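The primary structure of each chain is shown beneath.
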Amino acid sequence: MVPALSPSRASDFKQCPLLYRFRTIDKLPSPPSPAAARGTLVHAVLERLFDLPADQRTPAAAQSLLGPQWEALVDEEPELAAMIADDEKLTEDGWFDDAQALIETWFTLEDPTRLEPAERELYVETELDGLVLRGYVDRLDVAPDGAMRVVDYKTGRSPSELFEGKALFQMKFYALVLWRLRGEIPRLLQLVYLGNGEVVRYAPDEHDLLGLERNLKAVWTAIEHAATTGDWRPKTSRLCDWCDFRAFCPAWGGTPPPLPEGAALLALDPAVSGQVVPADD
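An account of the accompanying structure is given in this report. (Residues numbered from 1 in each chain as written. Predicted model: local features only at pLDDT ≥ 70, side-chain atom pairs only at ≥ 80, totals over all residues. Heavy atoms only, no water.)

Let's talk about the packing of aromatic side chains
- Per the counting criterion, the structure on display carries 14 aromatic pairs.
- Measuring from ring centre to ring centre gives 5.1 Å for W106 and F107, while their planes differ by 75°; the resulting arrangement is edge-to-face. Exposure class is identical for W106 and F107. Each is buried.
- Joined through ring pairs, the aromatic side chains of F50, W106, F107 and Y153 make up one cluster.
- Above the plane of the ring of W179 lies R180, whose end atom (NZ or CZ) is 4.0 Å from the centre.
- Stacked on the ring of W252, the Lys or Arg R246 has its end atom at 3.8 Å from the ring centre. (Phe/Tyr/Trp six-rings, centres within 6.5 Å; stacked < 30°, edge-to-face > 60°. Buried < 20%, exposed > 50% of the residue type's maximum accessible area, 1.4 Å probe, protein only. Lys NZ or Arg CZ within 6 Å of the ring centre and 35° of its normal.)

Okay, here's the thing in structure tokens:
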């Protein structure tokens, strides 16, 4: 069984070992989130928009994709429709208006009539000294000279400098995998924040990515140690304010569920430690 890590699971452990345990061993579900569902919908629309000829990639065309893409998502997860219907603060019209506003913001940041992405929702995977790294890239642009630009859409607002590192970690993860796959470091990493119309750009270099390699190996070693010892102690930070599992966390007066039988194997199962989700927002 070859171990595997996705950027989401690596980020979970770096943020808090107990969070990693809750998601990979206890498999505690996150409550349905209208914001997350809206993010998934917007990602789907922006992906499908590039199926159209360049001159047809208009705001009106994007708006026309919202309904069909939402129906496709609900077909896969019927609970999404119920989530909106059951939320007293939401109406379906208002929820769609918010999604449309995010898409309209994107048109002020990028011009899709001048873009021809090389890849969309690109699955990438490579092996690093016996550790598989895998993930999904929202969009990969390749210039005529072969230079790569990795683009990730975020439907929230751009974070403060205190939290920006978490988003850049994900992007550097993709850059490392692409470097190992294609033999060239991406020229630019670009985070497009639709919540407030900001674009964050970062140019990685070999020093960055070699440091990330060492970091990911250390993260996996720490996960193996936690799995062997059963020590999944929490690490508190400002991010605790947004954690879905505070009610189970001893740092906040909660009690975790008992560790199930075979917990160590669950923690190291590549299907969960390397779990990747398209359009992860």
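Details of the nonpolar core
- Grouped together as the largest cluster of nonpolar side chains are 48 residues, with contacts concentrated most on L5, L133, V150, L216 and W232.
- For this core, the element with the most residues is helix α7 (residues 161–182), which contributes 11 residues. (Core = buried A, V, L, I, M, F, W, Y, C linked by side-chain atoms within 4.5 Å. Helix = DSSP H or I, 4+ residues; strand = E, 2+ residues; numbered from the N terminus.)

Thoughts on the packing of helix α4 (residues 59–76) against helix α5 (residues 79–86)
- At a minimum axis distance of 7 Å, the contact between α4 and α5 shows a crossing angle of 105°. The angle between the axes of α4 and α5 places the two elements in the roughly perpendicular class. Residue-level inspection shows W70, L73 and V74 of α4 in contact with α5, the latter providing L80, A81 and I84.
- Along the lines of polarity and charge, the residues of the contact of α4 with α5 split into 6 nonpolar, no polar and no charged. (Axes fitted to C-alpha atoms, helices over the stretch in contact; angles between N-to-C directions. Parallel < 35°, antiparallel > 145°, perpendicular 65-115°, else oblique. Contact = heavy atoms within 4.5 Å. Nonpolar A, V, L, I, M, F, W, Y, C, P; charged D, E, K, R; others polar.)

Some words on unusual backbone geometry
- Although it is not a glycine, K27 adopts a positive phi angle of roughly 50°.
- Structurally, the position occupied by K27 is in the loop between α2 (17–24) and α3 (34–49).
- By relative accessible area, which is 45% here, K27 ends up partly exposed.
- Here E121, not a glycine, exhibits a phi torsion of approximately 45°, which is positive.
- Take E121: it is sitting in strand β2 (residues 119–128).

Overview of the pairing of strand β6 (residues 198–202)
- Note that strand β5 (residues 188–193) and β6 share 5 bridges and pair antiparallel. For L189, the partnering residue across the bridge sits in β6 and is Y202.
- Joining the antiparallel neighbours β5 and β6 is a turn of 4 residues, in which G197 adopts a positive phi near 65°. (Pairing = 2+ DSSP bridges.)

Structural notes on empty space enclosed by the protein
- On inspection of all chains with the given rule, the structure shows 3 cavities of 30 Å³ or more.
- Its volume calculated, the largest cavity comes out at about 130 Å³.
- C16, K235, C240, C243 and C249 are, among the 15 residues lining the largest cavity, the residues nearest its centre.
- Looking at the lining of the largest cavity residue by residue, the classes come out as 11 nonpolar, 2 polar and 2 charged. (1 Å grid on protein atoms, 1.4 Å probe; cavity = no way out; pocket = protein on both sides within 12 Å on 5 of 7 lines; lining within 4 Å. Points joined across faces, edges and corners; volume = space filled by probe spheres on them.)

A short note on α5
- Taken together, the buried positions of α5 are L80, M83 and I84. When α5 is viewed along its axis, its buried side chains cluster within an angular range of 90° and face the same direction. Turned more than 90 degrees from where α5 packs its buried face, A85 and D86 sit exposed.
- Check the buried side of α5 and you find it contacts α3, α4 and α6 (92–109). (Arc of directions from axis to C-beta.)

A closer look at the side chain of R139
- Mapped onto the fold, R139 is located in strand β3 (residues 131–142).
- Take R139: its relative accessible area is 0%, and that puts it in the buried class.
- A polar atom in the side chain of R139 sits 2.8 Å from the side chain of D141.
- Ignoring anything within four residues of it in the chain, the contact list for R139 reads F50, W106, E110, L115, P117, E119, R120, R149, V150, V151 and Y153. (Polar contact = N/O pair within 3.5 Å; in protein donor to acceptor, adjacent residues only side chain to side chain.)

Re the pairing of β3
- Counting buried positions over the 12 residues of β3 gives 10, a clear majority of the element.
- Bridging between strand β1 (residues 4–5) and β3 involves 2 bridges; their strand directions are parallel. Paired with A4 across the two strands is V132, which belongs to β3.
- Sheet analysis places β2 next to β3, joined by 9 bridges and oriented antiparallel.

Overview of α6
- Taking 1.5 Å per residue as the helical rise, α6 with its 18 residues ought to reach 26 Å, and the 26 Å between its terminal C-alpha atoms agrees with that figure.
- Regarding α6, the residues found buried are W95, F96, A99, Q100, L102, I103, W106 and F107. For α6, the buried positions fall inside an angular range of 155° around the axis, keeping them on one side. Of the exposed residues in α6, the ones pointing more than 90 degrees away from its buried face are D93, D97 and T108.
- For α6, the elements touching its buried residues are α3, α4, α5, β3, β4 (148–154) and β5. (Expected span 1.5 Å × (residues − 1).)

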